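Each chain, written out:
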Amino acid sequence: MSDQHTRTATPTRPYAVPGVLVPTPGQTIGPFYHYALPYEGGELLVPPGTPGAVQLHGTVTDGAGAGLQDALLEIWQCDPAGRPVQRQGSMHRDGHTFTGFGRVSTRRDGHYSFTTLEPGPSAPGRAPFVAVTVFARGLLNRLFTRIYLPDDTDALAADPFLRSVPEDRRPTLVAAREPDGSLRFDIRLQGDDETVFLRFPRQEL
Amino acid sequence: MALTHHDERTTDVSRQHAELAELAEPAEPAQPPTAGLASQSAIDREIERIQADEAASGLTRTQSRLDFAPYRSSLLRHPTKDLHHADPEGVELVAPVFGERDVDPLEADLTIQHDGEPIGERIRISGRIVDGDGRPVRRQLVEIWQANAAGRYIHKRDQHPAPIDPNFTGVGRTLTDDLGRYSFVTIKPGPYPWGNHRNAWRPAHVHFSLFGTEFTQRMITQMYFPSDPLFALDPILQSVTDPAARDRLVARYDHDRSEHEWLLGYTWDIVLTGSHATRMEQEGDDV
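Looking at an unreviewed UniProt entry, chain A carries the name Protocatechuate 3,4-dioxygenase, with the source organism given as Intrasporangium oryzae NRRL B-24470. Of the comments in the UniProt record for chain A, the one headed Sequence similarities (unreviewed entry) reads "Belongs to the intradiol ring-cleavage dioxygenase family."

Before going further, it helps to examine the overall build of chain B. Helix and strand counts for chain B come out as five helices and 12 strands. Across the 287 residues that make up chain B, the buried fraction comes to 58%. In chain B, the share of contacts with a sequence separation of at least 24, taken over all contacts with a separation of at least 6, comes to 73%. Accessible surface, chain B: about 12,000 Å² in total, of which carbon and sulfur atoms supply 54%.

According to UniProt, the "domain: Intradiol ring-cleavage dioxygenases" (unreviewed entry) feature falls on residues 36-190 of chain A. Here residues 36-190 of chain A is 7% helix and 30% strand, with 27 Å between the C-alpha atoms at its ends.

To continue, consider the confidence of the model for chain B. Residues and elements named next belong to chain B. A residue-level look at chain B finds 85% of positions with pLDDT of 70 or above and a mean pLDDT of 88. Note that residues 1-31 has pLDDT below 50 and, in this model, 57 contacts with residues that lie over four places away or in other chains. The low-confidence segment residues 279-287, where pLDDT is below 50, has 11 contacts with residues more than four positions distant or belonging to other chains.

What follows is about the pattern of salt bridges. In the structure shown here, the tally under the stated rule is 29 salt bridges over all chains. Here R177 of chain A ties to D151 of chain A by a salt bridge, and the two come within 2.2 Å at their closest N and O atoms. Taken together, the positions of R177 of chain A in strand β7 (residues 176-177) and D151 of chain A in the loop between β6 (143-148) and α1 (153-158) put the pair 26 residues apart, joining distant regions of the chain. Of the residues examined, D151 of chain A reaches a relative accessible area of 47% and is grouped as partly exposed. A network of salt bridges, in which partner residues are shared, links E74 and R103 of chain A together with E107, E143, R173 and R218 of chain B.

On to the sheet that holds strand β8 (residues 205-210) of chain B. Residue and element names in this part refer to chain B. If you trace the four strands from one edge of the open sheet to the other, you get β4-β3-β8-β9, paired in antiparallel fashion. Each edge of the open sheet carries a strand with a single partner, namely β4 (171-175) and β9 (219-224). Across the sheet, the mean angle separating the axes of adjacent strands is 20° when strand polarity is ignored. Where β8 and β9 come together, six bridges link them in antiparallel fashion. What sits directly across from F208, in β9, is T221.

A few words now on the nonpolar core. V134 and I187 of chain A together with Y182, F208 and I270 of chain B are the most contacted members of the largest nonpolar core, which has 74 residues in total. Once residues lying within four places of it in the same chain are set aside, the contact partners of I187 of chain A are T59, V60, T61, L73, V132, V134, T195 and F197 of chain A. In terms of nonpolar packing, the next biggest core, distinct from the first, is built from 27 residues, W76, F161 and L173 of chain A together with V91 of chain B among them.

Residues and elements named next belong to chain B. For β8, the buried fraction is high: six of the six residues fall into the buried class. Neither face of β8 is exposed, since H205, H207 and S209 on one face and V206, F208 and L210 on the opposite face are all buried. With five bridges connecting them, strand β3 (residues 141-146) and β8 associate as antiparallel partners. Paired with I144 across the strands is F208, a residue of β8.

On the chain A side, the residues contacting the 101 residues of chain B number 89 residues. For the pair chain B and chain A, the two sides together bury roughly 8,800 Å², of which 56% comes from carbon and sulfur. The interface formed by chain B and chain A holds eight salt bridges in total. Put simply, R101 of chain B and D94 of chain A hold a salt bridge, and the shortest N to O gap is 3.2 Å. Class assignment for the residues of the side of chain B that touches chain A results in 42 nonpolar, 32 polar and 27 charged. Pairing geometry for strand β10 (residues 198-199) of chain A and strand β1 (residues 84-85) of chain B, over two bridges, is parallel. If you follow R199 of chain A over to β1 of chain B, its bridge partner there is H85 of chain B.

Moving on to the packing of aromatic side chains. Scanning the entire structure with this criterion turns up 20 aromatic pairs over all chains. On the basis of an interplanar angle of 35° and a centroid distance of 4.5 Å, the ring pair of F32 of chain A and Y153 of chain B is categorised as tilted. Of this pair, F32 of chain A sits in the segment before β1 (53-61) while Y153 of chain B sits in the loop between β3 and β4, placing the two residues on different chains. Taken as a pair, F32 of chain A and Y153 of chain B share a single burial class, namely buried. Seen in terms of ring centroids, Y182 of chain B and F208 of chain B are 5.6 Å apart; in terms of plane orientation they differ by 75°. Their pairing is edge-to-face. Taken together, the residues span a long stretch of sequence, with Y182 of chain B in strand β5 (residues 181-187) and F208 of chain B in strand β8 at a distance of 26 residues. We classify F208 of chain B as buried; its relative accessible area is 0%. One aromatic cluster in this structure is built from W76, F144 and F200 of chain A together with F215 of chain B. Between R122 of chain B and the ring centre of W262 of chain B, over which it is positioned, the NZ or CZ distance is 3.6 Å. Cation over ring: R202 of chain B sits above W194 of chain B, and NZ or CZ is 5.8 Å from the ring centre.

Rules of the game
- Residues numbered from 1 in each chain as written.
- Chains lettered and ligands numbered in written order.
- Predicted model: local features only at pLDDT ≥ 70, side-chain atom pairs only at ≥ 80, totals over all residues.
- Heavy atoms only, no water.
- UniProt positions renumbered as here; feature names shortened; annotations may be inferred.
- Helix = DSSP H or I, 4+ residues; strand = E, 2+ residues; numbered from the N terminus.
- Buried < 20%, exposed > 50% of the residue type's maximum accessible area, 1.4 Å probe, protein only.
- Contact = heavy atoms within 4.5 Å.
- Areas by Shrake-Rupley, 256 points an atom, 1.4 Å probe, with all protein chains shown as cover.
- pLDDT = per-residue confidence, 0-100.
- Salt bridge = Lys/Arg side-chain N within 4 Å of Asp/Glu carboxyl O.
- Pairing = 2+ DSSP bridges.
- Axes fitted to C-alpha atoms, helices over the stretch in contact; angles between N-to-C directions.
- Core = buried A, V, L, I, M, F, W, Y, C linked by side-chain atoms within 4.5 Å.
- Buried area = accessible area lost by both parts, 1.4 Å probe.
- Nonpolar A, V, L, I, M, F, W, Y, C, P; charged D, E, K, R; others polar.
- Phe/Tyr/Trp six-rings, centres within 6.5 Å; stacked < 30°, edge-to-face > 60°.
- Lys NZ or Arg CZ within 6 Å of the ring centre and 35° of its normal.

Right, dumping it as structure tokens:
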């Protein structure tokens, strides 16, 4: 590696941990990603009409409540049996291989939509969720969050992570079941009802 | 939507540009009128104040600040509440798998996607991707996008009156090798103006999208070219408030990677965050 990533950290650098490399900074995705990152079928983890297929959709809004027309969302999830999928083919869907990965850009009004299968719980006692990464113009680094499925209220109530989140903010992590059966999950980047975003261990943000 | 599906990128330039025209949206100026915009010197003072405060605090950040007012678009788009601690679970401990089914080796050369050659300095950008423990990120997807040599993107909302290059789309993909190495051949992008403040110009840069061995390492960033006079003026680069951290976004000119009478070489190594897999699983890897 180059000298830029030296394995040193002075005591005045609490974000850096001695003995590990310092990560390269993230930067905003900017406004011009649309012809580079979204791809045909990115939002269709399964073809619409597949048994068990569900629409997972919502709106990404800023601190003034306006929809973002330039946010990119990625989802990554287990299969219905709760197993992580490790298969190629997300970029060129073959119509039957479920890869567990999806990518979509918001539309002009900030709305997004995936078609996917509902994940199963990855371990006993854990509520099932879809992992999400949020990128946007104006957002200087990616944000992580989780979309929990709403139906198993006992699992939600018992989930150790959700219990660690203050009760008044917990609903921002749970999708709503719409009358048509779809799952709605809005993402609010800022404000009183701001979505809970995650920091994983070993990360500054 | 993808303006050019990558299978079709090598052909039919005219249709691509017809699509571009069709997608152009009227009645939405690319840049707001300059009235009311801050001057460069006002932006400079804002940046200086924030960076001086951070230096005085003794808390050196290694990442971009999400809350960085000199970048005006961040004002309403940064979270105001603390990020919530989460231990990665289940699917977060692994990453999506990409492979030969997803990426064509030809996609790593951005100069061969059309009938003719793009205008500009031909360059190779290459380097290694490792995680925070120094382990190579193997067989993983790297995506890039960039402006052309004149500073113009193939994008409906880029209205900068610089020429579109019919032989340059500015999009590439590749997979790292077993040592975590990647390599792209492209042309050097130009700087371009934007509407953040009066007479605002972005330094030349290439956008990089990166995956690690687990989903928690996902990141998107921008790579810059050495000694650009626009660095100090750019609120996006300066949102990385520590000079040593900013240096990690700057490639170095690497004469050993330049090729006789063909191209100039730049090297840029990337470090993702540390993974959370157990040491047991890590012991099989060479560190």
